[in-house]
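Topology and contacts: notes
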Amino acid sequence: MGISTLTSALAGALLLAAPAAAETPSAEAFALIADHVAVDGGTVIENGLVLVDGGKILAVGPAADLQGTLADTIRVIEHEGWLTAGIVAANGTYGMVSGADDSTRAFLGDLELRDGFDPDDSSLAKATGAGVTSFGLTSGRGNVAGGTGAVVKTSGGTMLNESSHLALCLAPPALRGNRFPTSYAGAVHAVEARFTEGQGAFGKVVAGELGLEVAVSARHEIRRALDLLKRTGLKATLRGADRAGDFAPELAEAGHAVALSPLGMGTSPWRYESITALVEAGVPFAFGLADTGSGADCLRFGAALAAREGIDRGALWNSLTASPAAMLGVSGRVGRVAAGLDADLVLWSGDPLELTTTLEAVYVDGAQVEATEGDAK
Amino acid sequence: MSDRTLFQLGAPLLFGALSLTANAGEITWEVVETAEPVEASAPVVKLLLSADKIYTAAGDVIDGGTIAIAGSKIAAVVPGASGDHEGLHVGAITPGMVDLSPRIHLADLSVEESSETIPYLSTTDGIDLFDKRWERLLRTGVTSVMYTPADEACIGGMMAVLKTGGEPSIEDRLVEADVALRGAFGSHASRGNHPVYGRPTDHFSRRPTTRMGTEWVHRKSFYDALAAMKNEERQFEGWEILASVLEGERPYFVQASATQDIRTAIYLKEEVGLPLLVVDAAAEAWKEPGLLVRSGTAAVLPPHAPQGRTAIDNGFLAWNTAKTLVDLGVPVALSSHGQSSVTGQLGAQAGYAMRGGLTRDEAIAAVTITPARLAGVDDRVGSIEVGKDADLILWSGEPFAATSRVVGVVLNGEVVFTSSN
């Protein structure tokens, strides 16, 4: 991982924005020391220390600099391997126990998806076990406007944002033969009219109070969505736009982001080329779980496969953490190992972008969660 | 007023003999014997194309001529010169073809079926510009199309004219938006609908289920529009588009293949007053030529079929249909109606129409300037004239002859396709 691996001294100088010594840790505080601490895709601290207190990260830095400042009573957990932020899935429908689409009508933008979310659903524990600690709760693809999404944690029921984005779909199966709209043109017309009239959730998107997710797939669907977004002056995350690399410069210029479907063993070569184009153009991208039947571990394994294809490892790690956090508007809470952020941390046996690496422990809000990656439960 | 050089040629030493001048604002092209210095600000001719014959579709055929292209436009058409420069020389040049019925759509997803009248939709919102068929059209010499949806609605939205090549975006390919309103008669507009027994189960529980129902929807829509034009309280979504058709601001393009459907369309035109009616897929127009003449209706013919029966409502297209109509003064455009087989392509249709009696000039007009006029884009495309888009087909020999082939296609001044000899 890591574009640049900083020396301990330099990293310490950079990362101690909130000096540990200035804040007095409580009795519950503990320190994690790992051979490699990945702050984000760009920065790895060798022999790093993360001080956790009250569910938050209190300090991050080289152990050599920080350890001396800690009281002897503070519990220290030493880990041979990597420590990273919890993985953030750009989208998912875990916990939507009664379904992620209300099938009664095509436009349901004002439905709050959190109302259908069960934080105790067993699918969430499995996601945590794969190192995925947060995700964008979103609708399926069954409706043109599926509802207003949220950003949730996979453990503990924490909502990072109760109303984060309007979930739209401008593709089948939202377009189907037995109700309005049945066609692309009908859907575009209806969506554009709602943005123009500023109805409900659509109005909140126009006012900047809600984010926007647009699910598409084929290139003509991406093209159509980009034209609609241009006409309405809106920015969006294009969900499932795996062909987005063909539009990379335009996406970068317009300020859109892309939530790709996960990569897998049988992934076609064009997908890696498409991701390379996004990296080169600087388009924010991440991976989502809403449109796949694979388990949550497919996020990390897919990124590891992409790393083997030569795609920038720092960009790939950010696509699992910092980028989706930013796309979901929660980068002040999760997505990096930095002082002040939630202590959602994962301990790995090695570099998480290596296929041979296994997950060893997960912390959410500073509490260790029982988690074993990939094993039957 | 003194002469001034309008543009400088790409390679003055080679092409100096073709310097062109304009006099007092009236452009007259002449061959200048000396390669005089040219103004730096003049547009640069980047391509010279010469041919044994240039079919301009603008009233003349030039035996041995050269076309100069500057930017994306035709800068000059000069008779007499040929073969004495290093530009391309081919057997014949015609304008790029214009297909008013290309049918490259996404089937059901390209047409809104939840209502039978959707004049306010833009059919290009349902387009797939990444479809491989666009390139196939371009390679066979079709450079502009009117984008047609699947005809599953009575009144199916507004249509645009697009180029077949360029970047795959509407922005890059658009010639003109909202050129015509789409409609359909015949069986397609009612297909899938069913009557309501008890409670309606879906939006297909509605009119029309028959041809009379389809006609009823058309008449009601236009009478409602006539009422809306007089009374604000009667306005409805899309009424102003129907009004623009009633006022002759844009044509009404309707699919009608069988004789009865063509009659229905023309009776509607005469009843409510539709100044510009174009009947698409008008296979059986040869049975009612008098009606087309009387009403001033234009026809777009579907591809010729070996046994005469076309794929649209089994309409029977006689080989001499185009000839019959053209001789009566009916504007006739040929179309591929989405057929991509060698025999279904637009160029082949021109050949078949010649077999049916059209002259070569008439056949060329039926795939170039006539469809461009019917779509209202003849100021941009459809003929080889100075100032128009440089969309050209380069032929090995006489256009549409069985022994001739398309050896090159020029789109917006760029050679986008050449076949190697």
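Predicted model, so just to flag it, every value in this text is computed and none were measured.

Here we look at the overall build of chain B
- Each helix and strand counted, chain B has 11 helices and 19 strands in total.
- Within chain B, buried positions represent 57% of all 421 residues.
- Considering only contacts in chain B between residues 6 or more positions apart, those separated by 24 or more positions represent 63%.
- On chain B, roughly 16,800 Å² of surface is accessible, and the fraction owed to carbon and sulfur atoms is 50%.

Notes on the packing of helix H4 (residues 211-230) of chain B against helix H6 (residues 259-273) of chain B
All names here are of chain B.
- Across the interface, H4 lies against H6 with an axial gap of 11 Å and an inter-helix angle of 20°. Accordingly, the angle class assigned to the pair H4 and H6 is roughly parallel. Classified by chirality, the crossing of H6 by H4 is right-handed. Facing H4, whose interface residues are Arg211, Glu215, His218, Arg219, Phe222, Tyr223 and Leu226, H6 presents Gln260, Asp261, Thr264, Leu268, Glu271 and Val272.
- Taken together, the residues of the contact of H4 with H6 sort by class into 5 nonpolar, 3 polar and 5 charged.

Examining the pairing of strand S13 (residues 252-255) of chain B
Residues and elements named next belong to chain B.
- Residues of S13 alternate between two faces, with Tyr252 and Val254 on one and Phe253 and Gln255 on the opposite face, all of them buried.
- Note that strand S12 (residues 174-184) and S13 share 4 bridges and pair parallel. Looking at the pairing, arginine 182 lines up with phenylalanine 253 of S13.
- When S13 meets strand S14 (residues 277-280), the two strands line up parallel, connected through 4 bridges. Within S14, the residue paired with glutamine 255 across the bridge is aspartate 280.

Topic: unusual backbone geometry
Residue and element names in this part refer to chain A.
- The linkage connecting proline 172 with the following residue, proline 173, adopts the cis geometry, with an omega of 5°.
- As for its position among the elements, proline 173 is in the loop between strand S9 (159-169) and helix H4 (184-197).
- The backbone of aspartate 365 sits at a positive phi, close to 50°, despite the residue not being glycine.
- With respect to the secondary-structure elements, aspartate 365 resides in the loop between strand S15 (359-364) and strand S16 (367-369).
- We classify aspartate 365 as partly exposed; its relative accessible area is 27%.

Rules of the game
- Residues numbered from 1 in each chain as written.
- Chains lettered and ligands numbered in written order.
- Predicted model: local features only at pLDDT ≥ 70, side-chain atom pairs only at ≥ 80, totals over all residues.
- Heavy atoms only, no water.
- Helix = DSSP H or I, 4+ residues; strand = E, 2+ residues; numbered from the N terminus.
- Buried < 20%, exposed > 50% of the residue type's maximum accessible area, 1.4 Å probe, protein only.
- Contact = heavy atoms within 4.5 Å.
- Areas by Shrake-Rupley, 256 points an atom, 1.4 Å probe, with all protein chains shown as cover.
- Axes fitted to C-alpha atoms, helices over the stretch in contact; angles between N-to-C directions.
- Parallel < 35°, antiparallel > 145°, perpendicular 65-115°, else oblique.
- Left-handed = near helix turned anticlockwise from the far one by under 90°.
- Nonpolar A, V, L, I, M, F, W, Y, C, P; charged D, E, K, R; others polar.
- Pairing = 2+ DSSP bridges.

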